[in-house]
Structures are given as C-alpha cells and as structure tokens.
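Observations on the three-dimensional arrangement
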Protein chains: 2
Amino acid sequence: MARRTVFFVSDQTGVTAETLGHSLLTQFDSHDFDQVTLPFVDSIDKAQDVVDRINATALEQGTSPIVFSTLVQDEFREPFRRVSGLFLDFFATFLSPLERELQTASSHAVGRAHGMQDVGAYDQRIEATNFALNYDDGTRTRDYARADIVLIGVSRSGKTPTCLYLAMSYGIFAANYPLAEDELESGDLPKVLKPHRDKLFGLTIEPERLQEIRKERRSTGQYASARQVRFELRAAEALFTRYQIPYLDTTRVSIEEIASTILDRTNIERRTRRL
Amino acid sequence: MARRTVFFVSDQTGVTAETLGHSLLTQFDSHDFDQVTLPFVDSIDKAQDVVDRINATALEQGTSPIVFSTLVQDEFREPFRRVSGLFLDFFATFLSPLERELQTASSHAVGRAHGMQDVGAYDQRIEATNFALNYDDGTRTRDYARADIVLIGVSRSGKTPTCLYLAMSYGIFAANYPLAEDELESGDLPKVLKPHRDKLFGLTIEPERLQEIRKERRSTGQYASARQVRFELRAAEALFTRYQIPYLDTTRVSIEEIASTILDRTNIERRTRRL
C-alpha cells in the first residue's frame, strides 16, 4: 500500500486540523498515512522550523507530504509558501467567503477554538463530566432532576462512554442506570426511574457482541453466558417497548454516532459546541 | 449583536462539520450564532428536506443562514444548489486537490469518519476509556505497566478529565494518582509511583483557582482553605522539581490544551486519531 506522511499544523492544540484531516483521509483507503501533529506553532520561527522539518521529510522519503493547517495568522502561514508538499489551508479557504457574507473582518486571532475563551462554556463541560462520573452505573439516583438524559440498558451496552462523550463534547448532563437481573425479571421499570420517564433513553446490543465484550471482562460464570445475555437483552427491550422508551442498538455504531442519534431523536440541546 | 443561524449538515454524525464551523465562527465575535446540527442526511429526500428547512429559515429571518456541509456524495449535495445561504462545502473543496496529489479517486463513501470502520482503533478507545475509569484517582495502582502515562497532582488539578480525554480522543492509556496531604508532607515520591517515574506527568494550578473549584465541591473544612491549598500546591511543585517530573499549570488552559501539551512534551504516540 502506498505510504504518505501527513502533518497537522496548528497555532493551537491541533484538534481541528486532526479532525478535518482525518475525515478527508478516510476517503482514501488505498493509502497508509503516517500522521504527525505539530501543535502550538505560534511564532514565525516555529513556523519556519515546521517548514524545514516537512521539507526534510519530503527529501528523505522522495514523496510530498500532505499538510493540513489551521494556522490563523497570515505571518505564520508565510513560510509555508516554500513548503514541499500539498498545503491545505482550512482557515484561508473558508474565512474569506465568511467575511464577505458577514461583512466583517475576522479577528484572525490565534487559537480561539479548543481554548478557554468562553470560560462559562468550559466550566459547563467540566461540570457535566463530573456529573457523568458521579452518576455512572446507578451509583447515585437522587438528583436525576439535574440530568438532561438518563441512559438505561444492561451491563456493557455502551452507557458509560456515551455519557462521558455527551458531557465532554456538548456539556450535556447524562446519568446512566444499569438494568440488573432482578429488575429485569419483574418486567417493571425500576422505581427510581419512574419519575424521570421523559428523560430515559435505552441502549441495546446484539447478544453475540455483548457476549464477546463481557467475556473480556469476566470470562467465567453466568455473566457472559449466551443464555444470560439473551435473557437480559430480551427483557430490556421488552421494558423499552412497554414503557415507550426510545432506544438504539449500539452493536455497529460508534460513541459519536450513538450521541448524535440520541441528540437527534430527543431534541436535547447541545449546551456547548466542541470548544 | 448581529445574529445569524448556522447549520451543520452531515451524512453522518455532524462532528466534523461542527468542528470546522465552530473553529471558523470563533473568529467572528461581532456575531451571535444560533447553531443547528442536522446529522444523518443520507438520502436525496432528506437532503431536500434540509434545504427546504434552511430556505424557510432564510425567509423567516430575512438573513442568509450559513451552512457548513460535510456531505460526501454528489447526489446529496445536488439539492443544495438551490439553498438560500452561504454553502461551505468541506469535501468538495478539499477532496479534489487530495485526489490529484494522491493520484487516486476518493471513495466518496458516506460517513467514514467518526464511525466504526476501523474496529480495532475503536475498541482501543473504549478500552482506554475503561482503563481511565478503573485507574482514576489512585483507586488501582497495580498494573501501571499498561499505562502510557500516569498524571499526578493534588485533588482537583484537572487529572480525571484529562485522562478521559486522552483515552477517548487518542486511545491513550492514562492513569492518575492524587497527591494526598500525608504523602506531600514527607516530600518523597509515593512508593507505588517510584517504579514508573518515566511515565509521570504533573499537573498544578494557581491556588486562587483551586480554592474556587474546591469550594464548589465542599465549602467547609480544611479542603478549600487558602492555607491548605497553598501548602499542597507548593509541596506538589517541590516534588515535581525534586524528581524532575515534567509538569504543567492548568489554570488557564482547556483539557484539549493540556492533552496536546502533554503529548507534545512526552512524545507519547496517539494510538487512534479522533475517529
């Protein structure tokens, strides 16, 4: 497979350059990409060092590297006129049409995204993350009033990572409650959840995949047995149906996809946006 | 302040569109943006519905919305020729130069990023997230051998969210260990940490900020007192210096910035890249 070195260059964390670059690279599965993130390039000297490094790589490998840049300030971009590689400049490309549309010059300030410019929004994310940790796995059930959403499902159906992701990315207060065997047997919604029915969202998963996941965690006993897994999942899905709780099969979907689907189906508002 | 409605349109989660759009919008602080994410636009009908919705917004508000799109397939983009707004088309803009450079047609497949195409990488992130949860706050200290990094610092210096972020974004195995009063008094590195000195990274924070954070958690007693906070921080920093542990002041930096700085200073490899 063809190889190519890719650089993500940023005057700040590099998170935006990585996310954008990665999205584009996934469209080229005929290539293998060696990926290098170069964050905090916030002076002309550092920019020049990066260009030298990229040019050295080009010379050494005999192929042009690909450079994804989110550098904002014009003077840091200047040395890249002499870069030996494909230079894809996210800001220069889209800022001009935005400036025309908004009839405003942009501030061209370094590192606005992923920083702490908006302290309120940032604190919201941290608070939401702490909430997700404190309200994980049914450890606390009082105070669900503060929750935007309560995920329910059997053990290892994807509740915890989804709650953390909703908190860290969107400042959403997400609790989760595991449906345990004895509760599933009754067929009733657990008592602590009843006052919060409008906040419940169910996660389910295919029995084969759940068995796999549980086996890695604890290979002996009931926990990962085919029979147990099948019983729990059938009972959980019956509960979701009986109480008209919206639910989602997480077998083939990533955390990001679970989170986006939940937000799309519940109309919970994103409190912060990937700062 | 001028208001504008912004739409993030995607055939998948919308994460890339949000990241791109948010980065650019932070450059225009003269405007307030009402932001709407429209994920999973994966048919021509859905694309037409989105265009109708955007056009209705334009009519109603009398201003053109801004549309950030990461739609990949040409036929889903087609209805957007008739959109009343500024249409910023991420893939159309950057795929062509990449195709030329790589001399390959891109797959134009829906939703490659943020999905589960690369199951190995995805499992890595989930495993790392579970590791961060299990090795949070010094709850487990055996098996640090598996850790890529062990963050140390006083209570509430930012260790837990940083570990979770490193895990979820980059599949990095990050444990954390709180430096407690009695350990700080001795001036010695805690015994459990000694075999792992090369994996340690310290976090510190300004006393005023730490007091604020701790007060929100527990307002009475020693925990949030000026004297206690000052003692703990001074002792922690002395420890970092004595044992030559690299460290970072987290007072004015976001989790993303802490994570990027750590990776930049330690050369720990990103195992996955923001899939």
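Residues numbered from 1 in each chain as written. Chains lettered and ligands numbered in written order. Predicted model: local features only at pLDDT ≥ 70, side-chain atom pairs only at ≥ 80, totals over all residues.

1. Examining the overall build of chain A
- If you tally the helices and strands in chain A, you get 10 helices and eight strands.
- Taken over C-alpha atoms, the radius of gyration comes to 24 Å for chain A, far larger than the 19 Å a tight globule of 275 residues would show.
- Seen along its three principal axes, the alpha-carbon backbone of chain A occupies a region of about 70 × 45 × 30 Å.
- Counting all 275 residues of chain A, 45% fall into the buried class. (Helix = DSSP H or I, 4+ residues; strand = E, 2+ residues; numbered from the N terminus. Rg over C-alpha atoms; globule rule 2.2 N^0.38 Å. Buried ≥ 20, exposed ≤ 12 C-beta atoms within 10 Å, placed from the backbone.)

2. Describing the pairing of strand E2 (residues 31–38) of chain A
Residue and element names in this part refer to chain A.
- Pairing of strand E1 (residues 2–9) with E2 involves eight bridges; the strand directions are parallel. Paired with Val9 across the two strands is Leu38, which belongs to E2.
- On the question of chirality, the crossover connecting E1 to the parallel E2 by way of helix H1 (residues 15–25) is right-handed. (Pairing = 2+ DSSP bridges. Right-handed = clockwise from strand over helix to strand, strands pointing away.)

3. Some thoughts on the interface of chain A and chain B
- At the interface, 58 residues of chain A touch 58 residues of chain B.
- Counting only elements with at least two residues in the side of chain A that touches chain B, the list comes to H1, E2, strand E4 (86–89), helix H4 (90–102), helix H5 (119–134), helix H6 (159–170) and helix H10 (255–266) of chain A.
- Residue contributions to the side of chain A that touches chain B peak at eight residues, all from H1 of chain A.
- Taken together, the residues of the side of chain A that touches chain B sort by class into 25 nonpolar, 23 polar and 10 charged. (Contact = placed C-beta atoms within 7 Å. Nonpolar A, V, L, I, M, F, W, Y, C, P; charged D, E, K, R; others polar.)

4. Some details on the relation of the copies chain A and chain B
- For the match of chain A to chain B, the screw axis carries a shift of 0.0 Å, the RMSD comes to 0.1 Å, and the turn is 180 degrees. Considering both components of the superposition, the chain copies are consistent with a two-fold axis. When C-alpha distances to the rotation axis are compared across chain A, the minimum falls at Leu20 of chain A, with a value of 3.4 Å.
- In this assembly, 100% of the residues forming the interface of chain A have copies in chain B that are likewise at the interface, indicating an isologous arrangement. (Least-squares fit on C-alpha atoms with pLDDT ≥ 70 in both.)

5. Here's the deal with the domain arrangement of chain A
- Domain boundaries assigned for chain A yield domain 1 (2–102) and domain 2 (119–266).
- One C-alpha centre belongs to domain 1 of chain A, the other to domain 2 of chain A, and the line joining them spans 39 Å. (Domains from an automatic or database assignment.)

6. Regarding the pairing of strand E3 (residues 66–69) of chain A
All names here are of chain A.
- Residues Ile66 and Phe68 point to one face of E3 and Val67 and Ser69 to the other, with burial holding for every one of them.
- The sheet contact formed by E3 and E4 spans four bridges and is parallel. Pairing of Val67 across the sheet is with Phe87, part of E4.

7. Here's the deal with unusual backbone geometry
Residue and element names in this part refer to chain A.
- Even without a glycine there, the phi angle at Asp137 is positive, about 60 degrees.
- Locating Asp137 in the fold gives a position in the loop between H5 and strand E5 (149–153).
- Exposure remark for Asp137: the 15 C-beta atoms within 10 Å place this residue in the partly exposed category.
- The phi dihedral of Gln244 falls on the positive side, at around 50 degrees, and the residue is not glycine.
- If you trace the backbone, Gln244 turns up in the loop between helix H9 (226–242) and strand E8 (247–249).

8. Focus: the sheet that holds E3 of chain A
Residues and elements named next belong to chain A.
- With respect to topology, four strands assemble into an open sheet ordered E2-E1-E3-E4, the strand pairing being parallel. At either end of the open sheet lies a strand with only one pairing partner, and these are E2 and E4. Within the sheet, the average angular offset between the axes of one strand and its neighbour, ignoring direction, is 20 degrees.
- Pairing of E1 with E3 involves four bridges; the strand directions are parallel. Each bridged residue has a counterpart across the sheet, and for Phe8 the counterpart in E3 is Phe68.
- Each of E1, E2 and E3 touches H1; the most contacted strand, E1, lies at about 155 degrees to it.
- Running over the sheet, helix H2 (residues 44–61) touches E1, E2 and E3 and is turned about 175 degrees from E1. (Axes fitted to C-alpha atoms, helices over the stretch in contact; angles between N-to-C directions.)

9. Looking at the environment of Thr251 of chain A
Residue and element names in this part refer to chain A.
- Mapped onto the elements of the fold, Thr251 is located in the loop between E8 and H10.
- Linking Thr251 and Asp137, residues 114 residues apart in sequence, is a C-alpha distance of 20 Å.
- If we ignore the near neighbours within four places in the chain, the residues touching Thr251 are Ile205, Glu206 and Arg209.

10. A few points about the sheet that holds strand E1 (residues 2–9) of chain B
- The strand order across the open sheet formed by four strands is E2-E1-E3-E4 (chain B), and the pairing between neighbours is parallel. Since the sheet does not close on itself, it has two edges, and those belong to strand E2 (31–38) and strand E4 (86–89) of chain B, each with one partner. Taken pair by pair, the neighbouring strands of this sheet meet at an average axis angle of 20 degrees, ignoring direction.
- On top of the sheet, H4 of chain A reaches E2, strand E3 (66–69) and E4 of chain B; it is set at about 170 degrees to E4 of chain B, its chief contact.
- In this fold helix H2 (residues 44–61) of chain B packs onto E1, E2 and E3 of chain B, with an angle of close to 175 degrees to the strand it touches most, E1 of chain B.

11. Structural notes on the nonpolar core
- Within the largest apolar cluster, 85 residues are counted, with the highest numbers of intra-cluster contacts made by Ala132, Val150, Ala167 and Ala174 of chain A together with Ala132, Ala167 and Ala174 of chain B.
- With residues up to four places along the chain from it excluded, the contact list for Ala174 of chain A reads Ala132, Ala147, Asp148, Ile149, Leu151, Cys163, Leu166 and Ala167 of chain A.
- Counting residues in each nonpolar core, the second largest holds 58 residues, with Leu38, Val41 and Val83 of chain A together with Leu98 of chain B among its members. (Core = buried A, V, L, I, M, F, W, Y, C linked by C-beta atoms within 7 Å.)

12. Looking at the packing of H6 of chain A against H10 of chain A
Residue and element names in this part refer to chain A.
- Close contact between H6 and H10 brings their axes to 9 Å; oriented N to C, the two are set at 70 degrees. In terms of axis orientation, H6 runs roughly perpendicular to H10. Between H6 and H10 lies a crossing whose hand is right-handed. Contacts between H6 and H10 involve Pro161, Thr162, Tyr165 and Leu166 from the first element and Ile255, Glu256, Ile258 and Ala259 from the second.
- Its residues assigned to classes, the contact of H6 with H10 comprises six nonpolar, one polar and one charged. (Parallel < 35°, antiparallel > 145°, perpendicular 65-115°, else oblique. Left-handed = near helix turned anticlockwise from the far one by under 90°.)

13. Concerning the packing of H5 of chain A against H6 of chain A
Residue and element names in this part refer to chain A.
- It is at 7 Å that the axes of H5 and H6 come closest, and there the two elements cross at 165 degrees. Overall, the two elements H5 and H6 adopt an arrangement that is roughly antiparallel. The handedness of the crossing between H5 and H6 comes out as right-handed. Taking contact as the criterion, the partners of Arg125, Ala128, Thr129, Phe131 and Ala132 in H5 are, on H6, Cys163, Leu164, Ala167 and Met168.
- For the contact of H5 with H6, a count of residues per class yields seven nonpolar, one polar and one charged.

14. What about the confidence of the model for chain A?
- Per-residue pLDDT for chain A has a mean of 92; in total, 97% of the residues score no lower than 70.
- This prediction of the complex comes with two scores: 0.89 for pTM and 0.88 for ipTM. (pLDDT = per-residue confidence, 0-100.)

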